[in-house]
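# Geometric and topological summary
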Amino acid sequence: MREIEFVKTKEKIDNTILNTIKINNTLIHSKYYPLKEAEKTISSRNLVNAKTIGVLGLGLGYHIYEILKKNENCFIYVFDVLSDSDKSKLYKDKFLKMVIDDERVKLKITSSYSRLVSYLKESLNQCDEVFILKSYMNILKAENLDLYNIFMDFEAQRITNTKFKRELEYNIINNESLNMKSINEFYNAYMKNYENIFIVAAGPSLNECTTYLKEITKSKNNFIIAVGTAVGTLKNQGVNPNAVCILDPLEIIYKQLEKIKDSKIPLLMAYSASHRAAKEYNGPKYIYYNYIKDNNIVIECTNSVATAALSIAIKANPKRIFFIGQDLAYVDNKVHSDNTINGEEHIYVKSDNDFVTQDVLGNYIYTSKFYLDIKKWIERTIVINSNIEFINTGRGANIIGCNNIEIHKILEYLI
């Protein structure tokens, strides 16, 4: 149970002294001037033009108040996990009561972590912007690491969307003008009771896998989904995947597909992925969304195409999903497999920004925060899909929940 303590501050509004709160002895707002702190924080964010804003963390509502003040026309979803007892304590605060009584505020608050995840999936993708109450995240991290990581995924997505806003907007408008087939049509046409789905990423260990992938393609029980970055490596070794998945919004992604652009391999692309790649690809194209769109299957993913490919595979409900080249770490002093479009970028150079994790053999290996975020997302996804067996053939980071099998033993495993 949380310990919630109200503390008087030095700030007033309408002659009423404002409170701040400590949760488990951690301050959520400024000890002295919570409203001024919120004003400064919100002023640093460009939320003026957002129609719908998702707020992660209720606190005493100072940040919500400032958002409403800066953007009178917005609508706010507030996501949090609170027990009935916690809500009863917090809602007695006069300032918070004023904030949540505003008709523009919609509370998505529950005592159930799993229900909150459902709320996030239902509503957060409708939000133009997301604001995270960072001080509250430390509380959540101690209570439920999985939910904390989900919130951080959304924050990473927001940062990416902000960084590539122009490209994303251009791609969305122009991709939808191509009238591509839906992801539902892809499943109806291609995904028919495959026992094994292989997700091929472009980690360094992919260099060792192409011989075995050639054999894997011979069985009608197997279906290979390659991420765009891996296409060059596969084609250089004469391997044709059953489908290719892309997510990246940058124009240069079209180069990943040059060797197969006139093939009949289905291209699975996010609605915001590179428009040039979509336009120049002459094979069958299928568009997917990470939110509900025209009754299509929702493809849940983060900023990595590997997560999109995994979501696509899971929705086909196979018996097994194999990770090929999904190293999520630096193997053989490389970042990617050979013959990608990244050129010298595939060579690993040690950096002060490196992280360390355990590899599949229990040894320590260098990686990045980006790779670790993907790893955590995959691990959470594995937990909630216990009906599927997950097998990792890579030599990089250990993915918890997978059976680790060396690639040269894969054909024996499939017998």
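Scroll up to find the structure this text is about.
Remember, predicted model here, so these are calculated numbers, not experimental data.

### Topic: the overall build of the protein
Looking only at helices and strands, the protein has 15 helices and 18 strands in total. Relative to a compact globule of 415 residues, whose C-alpha radius of gyration would be 22 Å, the protein shows 24 Å and is just as compact. With the C-alpha coordinates of the protein rotated into their principal frame, the extents come out at 75 × 50 × 40 Å. With an accessible surface of roughly 20,200 Å², the protein has 47% of that area assigned to carbon and sulfur atoms. One way to put it: in the protein the 53 positive side-chain charges average out to a point 2 Å from where the 49 negative ones average out.

### Some thoughts on the packing of helix α7 (residues 145-163) against helix α14 (residues 369-383)
As a packed pair, α7 and α14 sit with axes 11 Å apart at the nearest point and diverge in direction by 125°. Comparing the axis directions of α7 and α14 gives the class oblique. Relative to α14, the crossing made by α7 is left-handed. Taken together, the residues of α14 that come into contact with α7 (itself represented by Asp 146, Asn 149, Ile 150 and Asp 153) are Lys 376, Trp 377 and Arg 380. Looking at the contact of α7 with α14 residue by residue, the class counts come to 2 nonpolar, 1 polar and 4 charged.

### Regarding the sheet that holds strand β2 (residues 16-23)
Spatially, β1-β2-β3 is the arrangement adopted by the 3 strands of the open sheet, whose pairing is antiparallel. The open sheet is flanked by β1 (4-13) and β3 (26-27), the only strands paired with a single partner. One ladder, built from 7 bridges, connects β1 with β2; its direction is antiparallel. By the bridge assignment, Lys 12 is partnered in β2 with Ile 17.

### Quick look at the environment of Ala 309
Tracing the sequence through the fold places Ala 309 in helix α13 (residues 305-315). Linking Ala 309 and Ala 226, residues 83 residues apart in sequence, is a C-alpha distance of 7.8 Å. Sequence-distant contacts of Ala 309, that is, excluding residues within four places in its chain, are made with Ile 199, Ile 225, Val 227 and Cys 245.

### Brief notes about a nonpolar patch on the surface
Taken together, Val 356, Tyr 364 and Tyr 366 make up a surface patch of nonpolar side chains, about 350 Å² in accessible area. Here Val 356 lies in strand β15 (residues 355-358).

### Examining the packing of aromatic side chains
Aromatic ring pairs are defined here through the distance separating the ring centres and the angle between the ring planes. Under the counting rule described, the total for this entry stands at 20 aromatic pairs. With a centroid separation of 5.3 Å and 85° between ring planes, the pair formed by Phe 75 and Tyr 77 is classed as edge-to-face. Assessed through its relative accessible area of 30%, Phe 75 is described here as partly exposed. Measuring from centroid to centroid gives 5.6 Å for Phe 186 and Tyr 187, while their planes differ by 65°, and the two rings are edge-to-face. No difference in accessibility class separates Phe 186 from Tyr 187, as the two residues are buried. The rings of Phe 186, Tyr 187, Tyr 190, Tyr 194, Phe 223 and Tyr 286 are connected pair by pair, giving a single aromatic cluster. The ring centre of Tyr 32 lies 4.7 Å from the NZ or CZ of Lys 10, which sits over that ring.

### Digging into unusual backbone geometry
Even without being a glycine, Asn 15 presents a positive backbone phi close to 65°. For Asn 15, the position within the fold is in the loop between β1 and β2. On the basis of relative accessibility, which here comes to 73%, the residue Asn 15 falls in the exposed class. Phi at Asn 339 is positive, roughly 65°, even though this residue is not glycine. By the secondary structure assignment, Asn 339 is in the loop between β14 (320-324) and β15. For Asn 339, a relative accessible area of 40% translates into the label partly exposed.

### A closer look at the sheet that holds strand β4 (residues 52-56)
In space, the 4 strands of this open sheet follow the order β6-β5-β4-β7, with parallel pairing throughout. Among the strands making up the open sheet, the edge pair consists of β6 (105-110) and β7 (129-132). Between one strand axis and the next, the sheet turns by 20° as a mean value, whatever way the strands run. Pairing between β4 and strand β5 (residues 75-81): 5 bridges, direction parallel. The residue of β5 that forms the bridge with Val 55 is Val 78. α7 contacts β4, β5 and β7 of the sheet and is inclined by roughly 135° relative to β7.

### Looking at the pattern of salt bridges
One pass over the full model with this rule turns up 16 salt bridges. Notably, a salt bridge pairs Glu 66 with Lys 69, separated by 3.4 Å at the nearest N-O pair. Of this pair, Glu 66 and Lys 69 both sit in helix α2 (residues 62-70), 3 residues apart, which is roughly one turn of the helix. Glu 389 serves as the salt-bridge partner of Arg 320, at 3.6 Å between the closest nitrogen and oxygen. Here Glu 389 lies in strand β17 (residues 389-392) and Arg 320 lies in strand β14, a separation of 69 residues in the sequence. According to the relative accessible area criterion, Arg 320 is partly exposed, its value standing at 22%.

Conventions and cut-offs
Residues numbered from 1 in each chain as written. Predicted model: local features only at pLDDT ≥ 70, side-chain atom pairs only at ≥ 80, totals over all residues. Heavy atoms only, no water. Helix = DSSP H or I, 4+ residues; strand = E, 2+ residues; numbered from the N terminus. Rg over C-alpha atoms; globule rule 2.2 N^0.38 Å. Areas by Shrake-Rupley, 256 points an atom, 1.4 Å probe, with all protein chains shown as cover. Lys, Arg positive; Asp, Glu negative; His and termini not counted. Charge placed at Lys NZ, Arg CZ, Asp CG, Glu CD. Axes fitted to C-alpha atoms, helices over the stretch in contact; angles between N-to-C directions. Parallel < 35°, antiparallel > 145°, perpendicular 65-115°, else oblique. Left-handed = near helix turned anticlockwise from the far one by under 90°. Contact = heavy atoms within 4.5 Å. Nonpolar A, V, L, I, M, F, W, Y, C, P; charged D, E, K, R; others polar. Pairing = 2+ DSSP bridges. Patch = residues over 30% accessible without salt bridge, like charges linked within 9 Å, V, L, I, M, F, W, Y side chains within 5 Å. Salt bridge = Lys/Arg side-chain N within 4 Å of Asp/Glu carboxyl O. Phe/Tyr/Trp six-rings, centres within 6.5 Å; stacked < 30°, edge-to-face > 60°. Buried < 20%, exposed > 50% of the residue type's maximum accessible area, 1.4 Å probe, protein only. Lys NZ or Arg CZ within 6 Å of the ring centre and 35° of its normal.

Function cannot be read off these values alone, since they describe shape.
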